[in-house]
Amino acid sequence: AYRITEARPQPGDIVCKSRAGSGATYDNIAPGMSTHCDIVVDVQPGKLTTIGGNLSDSVTTTTVTTNANGYINAKDYFAVIQIGSSMP
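An account of the accompanying structure is given in this report. The model shown is predicted, which means the values in this text are computed figures rather than measured ones.

On inspection of all chains with the given rule, the structure shows two salt bridges. For E6, the salt bridge goes to R3, with nearest N and O atoms at 3.5 Å. The partly exposed category is assigned to E6, whose relative accessible area is 28%. Between D27 and R3 there is a salt bridge, and its shortest N-O distance comes to 2.6 Å. Of the two residues, D27 sits in the loop between β2 (14–18) and β3 (35–44) while R3 sits in strand β1 (residues 2–3), which places them 24 residues apart along the sequence. Look at D27 and you get exposed, because its relative accessible area is 61%. Here the salt bridges share partners, and the residues they tie into one network are R3, E6 and D27.

This is the structure in structure tokens:
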């Protein structure tokens, strides 16, 4: 896992955020903190699309904003778990 300032998400990667006001971050994550992770399915300039389950008992897509360099800048996101690649 990498901080959102260290890795640009690509399709297949997993992105994680704090949930329910838990305040979870890359540096303080601990068992029992409320978080949620989704799978990146598409990357476009300024945004990426994720898909995830267990949100209101359904599977949904979410648009997550990114900066001009492709790093997540959306509130509450703290980690990118890269799948099958090295850190960019």
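In terms of residue burial, strand β6 (residues 77–81) counts as a mostly covered element, since four of its five residues are buried. In this sheet, β6 lies alongside β1 in antiparallel orientation, the contact comprising two bridges. Opposite Y2, over in β6, you have V80 as the bridge partner. Bridge analysis of β2 against β6 gives four bridges, and the strand direction is antiparallel. Bridging from a neighbouring strand, V15 pairs with V80 of β6.

Quick notes on the rules
- Residues numbered from 1 in each chain as written.
- Predicted model: local features only at pLDDT ≥ 70, side-chain atom pairs only at ≥ 80, totals over all residues.
- Heavy atoms only, no water.
- Salt bridge = Lys/Arg side-chain N within 4 Å of Asp/Glu carboxyl O.
- Buried < 20%, exposed > 50% of the residue type's maximum accessible area, 1.4 Å probe, protein only.
- Helix = DSSP H or I, 4+ residues; strand = E, 2+ residues; numbered from the N terminus.
- Pairing = 2+ DSSP bridges.

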